[in-house]
Amino acid sequence: MTSRLPSPIYPVVDHPRWVERLGAAGARFIQLRLKNLDPEILRAQVIEAQEAAARHNVRLVLNDYWQLAIELGIDYIHIGQEDLDTADLDQIRAARIAFGISTHSHEELQRALSVSPDYVALGPIWETKLKQMIWGPQGVEKLREWRGIIGPDMPLVAIGGITLERAPACIAAGVDSVAAVSDFTGSSDPEGQVKRWLEACKI
C-alpha cells in the first residue's frame, strides 16, 4: 500500500467533461460521482471519463459503482459507509483496483481500517450545502486526530466545504489530498483554479 496518493488535489465531478477539462489543466486524481442515470448513460459516461483520464494521465476514481469499475478496469473506487454492506472487496482487490472509504466518526473509521483501504476520507471538514449530511463540520483538528489514529502510512483525504483558501490548512494537518466539488466546477476559471490549487497544496 502506497503512503501517497496521485495528487494533493482531488476534484470531485459530476460529468466526464470535467475530467477532460481539469485533467488537461493538470489535475491527476479526479473522482467521477454520477447519480440517478440510466445504466446505458452511466456506462457511456464512465467510459468517456476513462478515455479522458487516459489522455491526461489522470487516476480516475469512480464513486460507488464497483461492479462497473471492475468491468471497465477503473483505477480507484470510492466507497461510502453504506456501500460497505454490499461491495465485494475481495472481487475489487482481485481486480487490482484501489479503493477509498468515507468516514465521519470513530466507529466508521475503525470499520474502514478493518478492511485495509487504500485511503480514508474524513468529512465534512467545513459546512457543505452540496450534500445533505447528518454530520456537522469536523474541523481541521479532527484531521490531525485521524492522522494520529491511522499512522503515517495510510493516505488521508479531506473533503467538505473546502476552498482554495482553506486547502493549505488541511495539508498542514497531515492529509495527503484535499477534495472539493464546487471550488472547481463552480469556478469561473476551472483550469486556472486547478493551477492555483496545485500551487497552494504543494507537499
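What you see is a predicted model, and the numbers here were worked out from it, not measured in a lab.

*Asks:* Would you take a moment to explain the overall build of the chain for this structure?
*Replies:* When helices and strands are counted, the chain shows 9 helices and 8 strands. Taken over the C-alpha trace, the chain has a radius of gyration of 16 Å; the compact-globule value for 203 residues is 17 Å, and the two agree within 12%. Seen along its three principal axes, the alpha-carbon backbone of the chain occupies a region of about 40 × 40 × 30 Å. Taken over 203 residues, the chain has a buried fraction of 52%.

*Asks:* How do you make sense of helix H5 (residues 106–113) when you look at a structure like this?
*Replies:* Because an α-helix completes one turn every 3.6 residues, residues spaced three or four positions apart along the sequence face the same direction. What H5 keeps buried is the set Glu108, Leu109 and Ala112. The buried side chains of H5 occupy one side of the element, clustering within an arc of 100° when seen end-on. The elements touched by buried residues of H5 are strand S5 (98–103), strand S6 (119–122) and helix H6 (140–150).

*Asks:* Explain the sheet that holds S5 here, please?
*Replies:* Paired through backbone hydrogen bonds, the strands of a sheet run either parallel or antiparallel to each other. Reading around the circumference, S1-S2-S3-S4-S5-S6-S7-S8 is the order of the 8 strands in this closed barrel, with parallel pairing throughout. With strand direction ignored, the average angle separating the axes of adjacent strands in the sheet is 25°. Those strands touched by H5 are S5 and S6, and its axis lies near 165° from that of S5. Along the sheet, H6 contacts S5, S6 and strand S7 (156–158); its crossing angle with S7, the most-contacted strand, is approximately 165°.

*Asks:* I keep staring at the pattern of salt bridges and nothing clicks. Help me out?
*Replies:* Pairs may arise between side chains of opposite charge once their charged atoms sit close together. Tallied over the entire structure, the rule returns 12 salt bridges. With a shortest N-O distance of 3.6 Å, Asp75 and Arg59 are connected by a salt bridge. Here the residue Asp75 occupies a position in the loop between helix H3 (66–72) and strand S4 (76–79), and Arg59 occupies one in strand S3 (residues 59–63), the gap between them amounting to 16 residues. Counted as one network, the salt bridges with shared partners bring together Arg4, Arg147 and Asp176.

*Asks:* It is not clear to me how the state of the cysteines should be interpreted in this structure. Could you clarify?
*Replies:* Among covalent bonds in proteins, the disulfide is the one between the sulfur atoms of two cysteines. Counted according to the given criterion, the structure contains 0 disulfides. Free of any disulfide, Cys170 has its nearest neighbouring cysteine sulfur in Cys201, separated by 8.0 Å.

*Asks:* Explain the packing of aromatic side chains here, please?
*Replies:* Geometrically, a pair of aromatic rings is defined through the distance of the ring centres and the angle of the planes. Evaluated as defined, the whole model comprises 6 aromatic pairs. Ring centres 4.7 Å apart and planes at 45° place the aromatic pair Phe184 and Trp197 in the tilted group. One end of the pair, Phe184, is in helix H8 (residues 182–185); the other, Trp197, is in helix H9 (residues 190–200), with 13 residues separating them in the sequence. Each member of the pair, Phe184 as well as Trp197, carries the same accessibility label: buried. A connected cluster of aromatic rings, assembled from ring pairs, spans Tyr10, Phe29, Tyr76 and Tyr119.

*Asks:* How should helix H2 (residues 39–55) be read in this particular structure?
*Replies:* Look at H2: 24 Å from first C-alpha to last across 17 residues, which is about the 24 Å you get at 1.5 Å a residue. Every buried residue of H2 is listed here: Leu42, Gln45, Val46, Ala49, Ala52 and Ala53. The buried residues of H2 all sit within an arc of 125° when viewed along its axis, so they share a single face. Turned more than 90 degrees away from the buried face of H2, the exposed residues are Glu40, Ala54 and Arg55. The inward-facing, buried residues of H2 contact helix H1 (16–25), strand S2 (29–32), S3 and H3. Following H2 by one or two positions, Asn57 has its phi on the positive side, about 60°.

*Asks:* Honestly, the environment of Ala44 in this entry has me stumped. Any pointers?
*Replies:* Counting through the fold element by element, Ala44 comes out in helix H2. Here Ala44 falls in the partly exposed class, since its relative accessible area comes to 43%. When the C-alpha positions of Ala44 and Pro16 are compared, they lie 9.6 Å apart, and in sequence the two are 28 residues distant.

What counts, and where the lines are drawn
Residues numbered from 1 in each chain as written. Predicted model: local features only at pLDDT ≥ 70, side-chain atom pairs only at ≥ 80, totals over all residues. Heavy atoms only, no water. Helix = DSSP H or I, 4+ residues; strand = E, 2+ residues; numbered from the N terminus. Rg over C-alpha atoms; globule rule 2.2 N^0.38 Å. Buried < 20%, exposed > 50% of the residue type's maximum accessible area, 1.4 Å probe, protein only. Arc of directions from axis to C-beta. Contact = heavy atoms within 4.5 Å. Pairing = 2+ DSSP bridges. Axes fitted to C-alpha atoms, helices over the stretch in contact; angles between N-to-C directions. Salt bridge = Lys/Arg side-chain N within 4 Å of Asp/Glu carboxyl O. Disulfide = S-S within 2.5 Å. Phe/Tyr/Trp six-rings, centres within 6.5 Å; stacked < 30°, edge-to-face > 60°. Expected span 1.5 Å × (residues − 1).

Nothing here speaks to function; it is geometry throughout.
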